[in-house]
Amino acid sequence: MLKVQNLHKAFGGVKAVNHCSFTVEKGSITGMIGPNGAGKTTMFDLITGLMEPDEGHIIIKGKNVTSHPAHKRAKMGIARTFQAIRIFSEMKTLDNIVVALKDHPEKMYQAFLPLKKKQKKIEERAMELLKDVGIADKAHLNAAELSFGQQKLLEIARAVATGADLLLLDEPAAGINLTLLNQIRDYILKLNKEGKTFLIVEHNMPFIMGISEKIIVLDYGQEIAVGTPEKIQNSDRVIEAYLGKKKE
Amino acid sequence: MLAAIVNPGYIIGFLTNMVIFALLGLSLNIIIGYIGYLNLGHVGFWAIGAYTYTLLLMNGTNYFVALLAGGVAAGISGLLLGIPTLKLKSHYIAIASLGFTYIVYSLVINLNDLTRGPLGIPGIPRPVIFGIDFSGDLAYLILSIIIVSISCLIIYILLRSPWGRILETIREDEIASKSLGKNIFKYKIQAFILSAFFAGIAGGIFASFHEYIGGPGAFFLPQLLFILSVVMMGGAGSFWGSIVGAAALMTMYEAVRFLPIEATLVGPTQQASFALVLILIMIIHPRGIMGRKIKTFQK
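So, here is what we can say about the structure in this document. (Residues numbered from 1 in each chain as written. Chains lettered and ligands numbered in written order. Predicted model: local features only at pLDDT ≥ 70, side-chain atom pairs only at ≥ 80, totals over all residues. Heavy atoms only, no water.)

The next thing to look at is the nonpolar core. Ranked by size, the top nonpolar core spans 143 residues in total, and within it I188(A), W46(B), L167(B), I205(B), I213(B) and F219(B) carry the most contacts. Of the residues forming this core, the biggest block, 15 residues, is contributed by helix α10 (residues 184-210) of chain B. No fewer than three residues from each of domain 1 (1-77 + 164-248) and domain 2 (89-162) of chain A sit in this core. Aside from chain neighbours lying at most four places away, what touches W46(B) is F21(B), L24(B), A199(B), A202(B), G203(B), F206(B), F219(B), Q223(B) and I227(B). By size, the runner-up hydrophobic cluster in this structure holds 25 residues, among which are L7(A), F22(A), I58(A) and M76(A). (Core = buried A, V, L, I, M, F, W, Y, C linked by side-chain atoms within 4.5 Å. Buried < 20%, exposed > 50% of the residue type's maximum accessible area, 1.4 Å probe, protein only. Helix = DSSP H or I, 4+ residues; strand = E, 2+ residues; numbered from the N terminus. Domains from an automatic or database assignment. Contact = heavy atoms within 4.5 Å.)

The structure is reproduced here in structure tokens:
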């Protein structure tokens, strides 16, 4: 589904991503962990095309997309959420989803076509998605009026609305309560069953270890360990990255 | 004084101006209120529309062809300004578009063969359409209202459409919009062309209304500030706001005439008064009369 090959990105002297390679298998839930500043968000920005790498390749569904702009990659079926929520806060909750839907008739000339039925269908579809994440009753409020947790749900639902089959979630569990966390986990598992592939950056270890089949550990922009959650938890290299080296 | 107020000619002129500035405000609002960029080049589009219209009309071109050509010429200049600038961040776009205003102004002043420079072009006719003579002030006001209404309707349909919704996502969060697969550059260019096109149409209406364009200081900073004030006073991002804004601002502007001050002070007082209103609005109610939140300028 996703292949990252020898990817490199430096900001001045800081190598945010340092010749990193890994793969995300189709239909999997892959976790990405690492200490703060390990390059996880930069990795997401590189994969989604918000940043250009200095070296290396990004291959999505067998296609080298390294030089594709962000919107083109998104059209290939990749969507993401952001560490700091990026919703359209002065737009209605429902419209946040509506704009993301694939058959949103957004061409300029379509404004002059009689598309009432199609628009209604789209709104119904958006409503379903809001129901899935339990915020359908907030559909007609401005997104800014939602609580933090609801905004996170909205952002995930918006990513799902694009129809993407590869979803990149940047810290979906950060700053939310346990009930909501369980809701997000169930939602991810449900979507995964429907065939969606996930790459999830997360600091909440019980959450990410519980949900992922495979964990990639980044440190100083490099993948230092890849494996099942059990294997990662027992890796000296990983413990060292988080806690430092044991004194001999 | 009262005679001046009830003088129908005066009121008709006042209303025609209002209608023209409503279209200018609304077309600028597409950029400021919907995609969220501060465009300071709008008077340039207006001028290009006015001159294209005038030159074609005075060389015998059909009225509608000349009017549309003014819009198209302005639209093309919107495209040409948009391509290099719309990848910039919003405050750089403000500066670049202000540069555009200066360029158009100096072309107008210096292309003597074409524009007669600071002398301006007098004797611009008003049209006769299907045998109906629109040269009378009232008839021309009606024609202006018809054209502006059609223009506003087109803009209304577009802004309320899914296309308009995409423009709003650009204002709200460009990065999120891109990540949803929107080619935001394309939308920004389309919005710029649309905005410029209707500024050009307003230019055509304006030219025949005054039957003269040009002169030193025309299509320059004072007018730019006035159009900006229409948008801000009415409310960025509000369709009706621009129309209300034009009405409110024109009324205030004209009201100064009736203050018991010397005639020579009227001009400066008008300028000072709307500058003051603009400042007060920004402090007291930055969303404008009917507007929604503008957060773009803090980006």
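Moving on: the interface of chain A and chain B. Opposite the 29 residues of chain A that make contact, chain B presents 28 residues. Applying the counting criterion to the chain A and chain B interface returns three salt bridges. Salt-bridge contacts for D173(B) lead to R86(A); the nearest nitrogen and oxygen are separated by 2.9 Å. Where chain A meets chain B, there are eight residue pairs in polar contact (both at pLDDT 80 or more). If you list the elements that add at least two residues to the side of chain A that touches chain B, you get α2 (70-75), β6 (78-80), α3 (93-98) and α4 (116-132) of chain A. With four residues, the single largest contributor to the side of chain A that touches chain B is α2(A). Residue composition of the side of chain A that touches chain B, grouped by class: 15 nonpolar, five polar and nine charged. (Salt bridge = Lys/Arg side-chain N within 4 Å of Asp/Glu carboxyl O. Polar contact = N/O pair within 3.5 Å; in protein donor to acceptor, adjacent residues only side chain to side chain. Nonpolar A, V, L, I, M, F, W, Y, C, P; charged D, E, K, R; others polar.)

On to the side chain of T48(A), then. Residue and element names in this part refer to chain A. In this structure, T48 sits in helix α1 (residues 40-48). Here T48 falls in the buried class, since its relative accessible area comes to 7%. At 2.8 Å, the side chain of T48 forms a polar contact with the backbone oxygen of F44. There is a polar contact of 3.3 Å between the side chain of T48 and the side chain of R80. Contact partners of T48, with chain neighbours within four places excluded, come to A70, R73, I78, R80 and L168.

Moving on, we come to the sheet that holds strand β4 (residues 55-60) of chain A. Residues and elements named next belong to chain A. The strand order across the open sheet formed by four strands is β2-β1-β4-β5, and the pairing between neighbours is antiparallel. Each edge of the sheet is formed by a strand with only one pairing partner; in this case those strands are β2 (14-24) and β5 (63-64). Of the strand pairs in this sheet, strand β1 (residues 2-11) and β4 are connected by five bridges, and their pairing is antiparallel. Note that in β4 the partner of L2 across the bridge is I60. (Pairing = 2+ DSSP bridges.)

What follows is about empty space enclosed by the protein. The final tally for this structure, using the stated rule, is two cavities of 30 Å³ or more. The volume enclosed by the largest cavity comes to roughly 50 Å³. T48(A), A70(A), R73(A), A74(A), I78(A) and S179(B) are the residues that line the largest cavity. The element contributing the most residues to the lining of the largest cavity is α2(A), with three residues. Grouping the constituent residues of the lining of the largest cavity by class yields three nonpolar, two polar and one charged. Size it by volume and the second largest cavity reaches roughly 30 Å³. In terms of lining residues, the second largest cavity is bounded by T81(A), F82(A), K152(A), E155(A), I156(A), D170(A), E171(A) and P172(A). (1 Å grid on protein atoms, 1.4 Å probe; cavity = no way out; pocket = protein on both sides within 12 Å on 5 of 7 lines; lining within 4 Å. Points joined across faces, edges and corners; volume = space filled by probe spheres on them.)

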